[in-house]
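Coordinates in review
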Number of protein chains: 4
Amino acid sequence: MRTATILVQCPDKKGIVAKVSDFLYTYQGNILEVDQHVDEEIGMFFMRASWDLDSFGLEKDLIAAAFQKEVADSLEMKFELHFNTQKPRMALFVSKLSHCLFDILSRYYSGQFDVEIPLVISNHLDLKKVVTAFRIPFYHLPIDKTNKAEVEKQQLDLLQKHKVDFVVLARYMQILSGDFIKEYPNKIINIHHSFLPAFVGAKPYHAAYERGVKIIGATAHYVTEELDAGPIIEQEVARVRHHNSPSDLVQIGQDVEKVVLSKAIKYHLERKVLAYRNKTVIFY
Amino acid sequence: MRTATILVQCPDKKGIVAKVSDFLYTYQGNILEVDQHVDEEIGMFFMRASWDLDSFGLEKDLIAAAFQKEVADSLEMKFELHFNTQKPRMALFVSKLSHCLFDILSRYYSGQFDVEIPLVISNHLDLKKVVTAFRIPFYHLPIDKTNKAEVEKQQLDLLQKHKVDFVVLARYMQILSGDFIKEYPNKIINIHHSFLPAFVGAKPYHAAYERGVKIIGATAHYVTEELDAGPIIEQEVARVRHHNSPSDLVQIGQDVEKVVLSKAIKYHLERKVLAYRNKTVIFY
Amino acid sequence: MRTATILVQCPDKKGIVAKVSDFLYTYQGNILEVDQHVDEEIGMFFMRASWDLDSFGLEKDLIAAAFQKEVADSLEMKFELHFNTQKPRMALFVSKLSHCLFDILSRYYSGQFDVEIPLVISNHLDLKKVVTAFRIPFYHLPIDKTNKAEVEKQQLDLLQKHKVDFVVLARYMQILSGDFIKEYPNKIINIHHSFLPAFVGAKPYHAAYERGVKIIGATAHYVTEELDAGPIIEQEVARVRHHNSPSDLVQIGQDVEKVVLSKAIKYHLERKVLAYRNKTVIFY
Amino acid sequence: MRTATILVQCPDKKGIVAKVSDFLYTYQGNILEVDQHVDEEIGMFFMRASWDLDSFGLEKDLIAAAFQKEVADSLEMKFELHFNTQKPRMALFVSKLSHCLFDILSRYYSGQFDVEIPLVISNHLDLKKVVTAFRIPFYHLPIDKTNKAEVEKQQLDLLQKHKVDFVVLARYMQILSGDFIKEYPNKIINIHHSFLPAFVGAKPYHAAYERGVKIIGATAHYVTEELDAGPIIEQEVARVRHHNSPSDLVQIGQDVEKVVLSKAIKYHLERKVLAYRNKTVIFY
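Residues numbered from 1 in each chain as written. Chains lettered and ligands numbered in written order. Predicted model: local features only at pLDDT ≥ 70, side-chain atom pairs only at ≥ 80, totals over all residues. Heavy atoms only, no water.

As named in an unreviewed UniProt entry, chain A is Formyltetrahydrofolate deformylase, taken from Arthrospiribacter ruber. Regarding chain A, the relevant UniProt record gives this comment under Pathway (unreviewed entry): "Purine metabolism; IMP biosynthesis via de novo pathway; formate from 10-formyl-5,6,7,8-tetrahydrofolate: step 1/1." For chain A, the Catalytic activity (unreviewed entry) comment in UniProt is given as "(6R)-10-formyltetrahydrofolate + H2O = (6S)-5,6,7,8-tetrahydrofolate + formate + H(+)". (UniProt positions renumbered as here; feature names shortened; annotations may be inferred.)

A separate point is the relation of the copies chain C and chain A. The operation linking the two copies of the chain is a rotation about an axis combined with a translation along the axis. It takes a turn of 180° to lay chain C on chain A, together with a shift of 0.0 Å along the axis; the resulting RMSD is 0.0 Å. The relationship between the two copies is best expressed as a two-fold rotation axis. The rotation axis passes nearest to the C-alpha of Ala198 of chain C in chain C, at a distance of 2.3 Å. Most of the interface of chain C is mirrored in chain A: 100% of its interface residues are interface residues there too. (Least-squares fit on C-alpha atoms with pLDDT ≥ 70 in both. Contact = heavy atoms within 4.5 Å.)

Let us look at the UniProt feature "domain: ACT" (unreviewed entry) in chain A. In the numbering adopted here, UniProt assigns the feature "domain: ACT" (unreviewed entry) to residues 5-86 of chain A. Structurally, residues 5-86 of chain A comprises 29% helix and 38% strand, and the distance from its first C-alpha atom to its last is 12 Å. (Helix = DSSP H or I, 4+ residues; strand = E, 2+ residues; numbered from the N terminus.)

What follows is about the environment of Asp35 of chain D. Looking at where Asp35 of chain D falls in the secondary structure, it is placed in strand S2 (residues 31-39). When its relative accessible area of 18% is taken as the criterion, Asp35 of chain D is described as buried. When the C-alpha positions of Asp35 of chain D and Asp255 of chain D are compared, they lie 31 Å apart, and in sequence the two are 220 residues distant. Excluding anything up to four places from it in sequence, Asp35 of chain D contacts Asp35 of chain C together with Phe46, Met47, Arg48 and Phe283 of chain D. (Buried < 20%, exposed > 50% of the residue type's maximum accessible area, 1.4 Å probe, protein only.)

Turning our eyes to something else, we now look at the side chain of Ser106 of chain A. Following the sequence through the fold, Ser106 of chain A ends up in helix H3 (residues 99-110). By relative accessible area, which is 6% here, Ser106 of chain A ends up buried. Beyond its immediate chain neighbours, meaning those up to four positions away, Ser106 of chain A contacts His99 and Phe102 of chain D.

Residue and element names in this part refer to chain A. Read across the sheet, 7 strands follow the order S7-S6-S5-S8-S9-S10-S11 without closing on themselves; strand pairing throughout is mixed. Each having just a single partner strand, strand S7 (138-140) and strand S11 (232-239) make up the two edges of the open sheet. For this sheet, the mean angle separating the axes of adjacent strands, direction not counted, is 20°. Across 4 bridges, the pairing between strand S9 (residues 188-192) and strand S10 (residues 215-222) is antiparallel. Within S10, the residue paired with Asn190 across the bridge is His221. Strands strand S5 (89-94), strand S6 (116-122), S7 and strand S8 (166-169) of the sheet are contacted by helix H5 (residues 148-161), whose axis makes an angle of about 170° with S6. (Pairing = 2+ DSSP bridges. Axes fitted to C-alpha atoms, helices over the stretch in contact; angles between N-to-C directions.)

All names here are of chain C. Packing of helix H1 (residues 16-26) against helix H2 (residues 63-75) leaves a shortest axis separation of 11 Å and a crossing angle of 160°. Relative to H2, the element H1 is oriented roughly antiparallel. Along this stretch, H1 crosses H2, giving a crossing that reads as right-handed. In contact with Ile16, Lys19, Val20 and Phe23 of H1, H2 contributes Ile63, Ala66, Phe67, Glu70, Val71 and Leu75. (Parallel < 35°, antiparallel > 145°, perpendicular 65-115°, else oblique. Left-handed = near helix turned anticlockwise from the far one by under 90°.)

Mapped onto the fold, Thr219 of chain B is located in strand S10 (residues 215-222). Within the structure, Thr219 of chain B has its side chain in polar contact with the backbone nitrogen of Leu196 of chain B (distance 3.0 Å). (Polar contact = N/O pair within 3.5 Å; in protein donor to acceptor, adjacent residues only side chain to side chain.)

Printed below as a string of C-alpha cells:
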C-alpha cells in the first residue's frame with residue numbers, strides 16, 4: 001500500500017484535530033494512524049497522521065499545496081509530508097569501532113530498515129572491508145587539525161552528490177562544525193556512549209567507572225552545535241556492578257549503544273520524530 | 001478543569017476519526033487528548049478522546065444521547081463516556097498479605113489515586129488495623145468450601161450498597177465464581193504473581209524456582225471465568241539469580257506485584273483501558 | 001540459626017581467601033556465603049563471609065580479637081564483624097512526602113526488614129499520624145536558617161539516646177552539616193530523585209523535563225559532605241515520554257525512589273555493602 | 001596472563017571453601033576470582049575459582065590429578081578445569097534468519113568473543129555469503145524428514161573433525177535428536193524466541209500476540225531431549241504494546257534474542273556456567 005505521513009506543529013487552539021482529519025476525510029483518505037500531543041507548558045500542538053494514498057482523492061504532488069492552503073495557513077502550522085514510495089537515503093559516518101556499523105548493516109541486510117545507504121564515510125580504513133562486503137561505497141577521508149574545514153567540504157559534496165537525506169554518526173569520533181550541522185538540521189543522528197546529561201564529552205565509561213554508578217547508558221540525539229546537547233531521541237541503560245572494570249563497561253555499553261542508535265534510526269525512518277525546542281516528540 | 005473522556009470501539013472504516021472529532025468540534029469542544037488504534041488482524045477501530053467540558057456547547061447529560069445519534073448509530077459503535085467530576089468508587093478485596101494494600105493506600109493517602117475507597121473486604125482479620133487506620137470500613141467475611149455462594153452474595157450486596165464501580169483483588173487468595181464475575185465485567189482487576197501465561201495457578205514463585213528462570217514477573221488482568229486467563233492490563237519483571245531461594249523470589253516478586261497492580265489501577269482510573277477479545281488496548 | 005558476617009578490605013596479595021577461610025575452618029565454622037572482589041585498578045581486596053555461629057568453636061565475643069591477631073594484623077586488613085542476633089537500629093528522617101516512608105514502614109510491618117525503628121524525626125508535622133499509627137515515636141524538630149546547628153545537636157542527642165546504628169533520609173529535604181555527617185560515616189543513606197550524576201541538587205525532575213530525557217531515575221547513596229556526591233549504593237530508572245509533564249515525572253519517579261531506597265536499606269541491613277574511595281562494593 | 005579456572009560441584013559440608021583455597025595457596029596460586037553457592041534445598045555446593053597460572057607451583061598438566069587426589073576424592077566432588085591458553089572451538093548452526101548470526105560474527109570480528117569458529121552448518125544457502133565473507137567454512141546440509149539421521153551423522157562427523165567444543169543453534173529451526181544431544185551434554189546452546197516456560201514450541205510471537213501480553217522475551221538454554229525445557233542460561237524481555245502487530249513482535253524480539261544468545265555464549269566461554277538438575281548456576 002502507498003501511504004502518506006504528515007507531521008505538524010503549531011500553536012495550540014481548538015479544533016486542530018478536527019481540521020486535519022476533515023481535510024483527509026474530504027479527499028476520501030483512510031486514516032491509518034493518528035497521534036497527537038499538546039505541550040501545555042508552552043502551548044504547542046503536535047500531530048502525526050498517516051493515510052492510504054491509493055484511494056486518496058488528491059494527486060500526491062498536489063497534497064502539500066492543498067494542505068497549506070486549506071489547513072496550515074490559518075493555524076500558523078509547520079508541516080512535513082512524506083511518502084513511503086520514496087526510500088530515505090542515509091549516509092553513515094564511522095571511525096574504528098564496528099559494533100554500531102554491524103548492527104545497522106545487519107538490519108539493512110535483513111530488510112528491517114527500509115532505507116538506501118548510498119555511502120559510508122570514515123576517517124580510518126579499518127572498516128572498509130566490512131562496508132564493501134555489503135557493496136556500499138566507502139570513502140576514506142582522513143581528518144586532522146589542519147584539514148578539517150576542507151574535509152567537511154568534501155563530505156558535504158559527497159552527501160549532496162549522493163542525495164543523502166540524513167546522516168548517522170555510528171561512533172564517528174569527530175566533532176562536526178556548526179557550518180556542517182546547519183546543512184542538516186535535525187537530520188544528523190549521533191550516538192553518545194553515556195546516559196546524557198551525565199558524562200558529556202570524552203571517555204564517559206571511564207567517568208562512570210570513577211563515579212561508581214550502578215547503571216550505565218547510551219543516548220541517541222540529533223546533533224546541534226553544543227556538544228552532546230541536542231534533542232534526545234532515545235536512551236537505554238544497562239546494569240553494572242562493582243566487579244566491572246572500565247573495559248567491561250565499554251563492552252556492556254556497546255550492546256546498549258547499538259540498540260539505541262538503531263531504534264533512533266528506525267523512529268526517524270518511520271517519520272515518528274518531531275523535534276522542537278531541543279526536545280523530541282516521538283509517536284511510537 | 002471539568003473534562004469528559006470517551007472510549008469507543010467499532011468495525012474499522014474510513015472517516016471515523018473525522019466523525020468523532022467533528023462531533024466535538026461542532027459543540028466547541030477543545031480536544032485535550034486523542035488516541036486511536038486499528039487492529040488490522042480483526043478490522044476493529046479503537047479511540048479515546050478527552051475534552052474540556054467547561055466550554056463545551058452541550059449539557060453534560062445530553063452528550064451520550066447526542067453522540068449515540070450523531071456518531072455511534074451509523075458506525076455500529078460501542079462507547080463509554082466518563083466525567084472527571086464523578087470520582088470512581090473502588091472496593092479492595094484482601095487476604096493476609098499487606099504489600100499491595102499498603103501500596104494502594106499510600107497512593108490514596110498522597111492523592112496520587114483520584115478515587116473513593118468505600119470499603120475493604122477480607123476473609124481474614126490480619127489487615128483490619130491497617131485499613132481502619134485509614135478510616136476505611138473493613139468487612140470481615142470468612143470464606144470456606146461450605147459458604148462460598150452465600151459469602152459472595154453478601155459481598156455483592158456490600159458492593160451495591162456502597163455503589164462500587166470496580167473491584168481490585170489485592171492478593172485476595174480466593175477464586176471468584178462466574179456469577180460474581182458477570183456482575184462486574186472488565187471491572188475486577190486481579191494481580192497474579194507470575195509473568196502470565198507462565199505459571200498459571202497456585203505457588204508460581206515456587207514453580208519459577210523449580211524451572212530455574214532468570215526473570216520473574218507479575219501480571220495485572222481483568223478477571224474472567226477462566227483462571228488467570230483474562231485480558232492483561234500490565235506486566236512487569238525482575239531479574240533473579242541462582243542464589244535466590246523461593247522465599248527471595250516471593251520478596252522480590254512482591255515489589256513487582258505492587259507496582260504492576262497500582263499501574264493497572266491508575267490506567268483504569270484514568271479511563272485509558274479498552275478491553276476486547278481477551279486483550280486490552282491501553283492509551284497511556 | 002545464629003550467624004556471623006565479616007566484611008574485610010585490605011591491599012591485595014596472594015592467599016587472603018585461603019587465610020580467611022582457614023581461620024573459619026580452624027574453629028569449625030560452616031561457611032554459608034563467601035564473596036570476594038579485587039579492584040585491580042587500585043590493588044585492593046574485598047571480601048564478605050558469613051558462617052553458622054551455633055557450631056562455631058569460638059565465643060562470639062572473642063572472634064574479633066582472634067581474627068585481628070590471626071588474620072588481619074599481617075594483612076593490614078580493616079574489618080567489620082556483625083551478628084544476626086543484634087537487630088540494627090535505624091532512624092528515619094522525613095519531611096512532607098510520604099511515599100518512601102510508607103514503603104519502608106510497609107516492609108517493617110511485614111517483617112521484610114529485620115530492623116528496629118526507635119524513632120522518626122521530621123521538620124514538619126504532616127507525617128506524624130502515619131508514624132504514630134505504627135507506634136513509632138515521632139519527633140518534630142522544625143528547622144530554619146537560624147537554628148540549624150542547634151537542631152542538629154538535638155537530632156544527634158536523640159540518635160545517641162536511642163542507640164541508632166544508621167540513619168535513612170527518606171526524602172528529608174534538608175542538607176546535613178559536615179559535623180553531623182562525621183558522626184555517621186557511611187551510615188547515613190539518602191535517596192536523591194535523579195539518576196546521579198545527572199541533575200544534582202534541587203528540582204531534578206524539572207531539570208529532566210527541560211532536557212527532554214527519555215529515562216529518569218533515582219539514586220540511593222551514603223551521605224558525604226559534598227552534596228549528592230557520596231558512594232552510590234543503588235540506582236534504578238523508569239522510562240518517560242514526551243507526553244509526561246513535570247508532575248508526571250514526579251509521580252513516576254516516586255515509584256523508583258521508594259524501591260531504590262528500600263533496596264539500599266536492605267543491602268545495608270544484610271551487611272552486603274563495603275564503601276571505599278567514594279564507591280561501594282555490594283555483594284548481593 | 002595465563003590463568004586457570006576450576007568449576008566444582010559436590011554435596012555441601014563444612015570446610016569446602018577452605019580446602020579448595022588451601023590447595024591453591026599451597027602451590028602459591030594467586031586467586032583472581034572466587035565465587036561460591038550453596039543450594040540449600042538440595043544440599044549441593046558449587047564453586048568457581050580462577051588463578052594466575054604463571055606463578056603457580058604446579059605444572060598445568062598435573063593440576064587435575066593433584067586436585068582430584070588432594071581435594072575432590074574426599075568430597076565426592078565433580079570438577080572441570082579450564083585454561084585460558086586453549087581457545088574454545090564453537091560451531092554455529094543456522095537456518096535463514098541472520099540477526100543472531102550477525103551479532104555473533106560482529107563480536108567475533110571485534111575480539112569480544114575469545115573463540116574459534118571452525119565452521120558454520122546450515123540447512124539453507126541463504127547465509128552462505130555472510131559466513132564466507134568472514135572466511136569461515138560454510139557447510140550446506142539440507143535436511144528433511146527422510147534424511148535426518150543421516151544428516152546428523154554428517155554433522156557430528158564435521159564437529160569431530162573440526163574439534164568443536166560446543167555448538168550454538170543461532171535460530172537453527174530444526175529439532176536435534178536425542179542421540180545428537182547426548183554427544184554434547186550441556187554443550188549445545190539454543191535461543192528460544194519466548195520467555196520460557198511461556199510459549200514453548202513453534203510461533204511463540206504469534207502466541208504472545210494472541211494472548212495480549214505486554215512483555216515478550218527470549219531464552220537461551222542448553223539443549224536437552226525435552227523441547228525447550230533444558231537448563232536456562234539467560235533471559236531478557238522487551239515491552240510491547242497493543243499497536244504492535246505479530247510482525248512487530250518478531251522484529252522487537254529479534255533484538256532481544258541476539259543479545260540474550262550472545263550473553264549466554266559469553267558466560268559459557270568465560271566458564272561461568274555450572275549446570276545441574278535442569279538449572280544453571282552462573283557466576284557473573
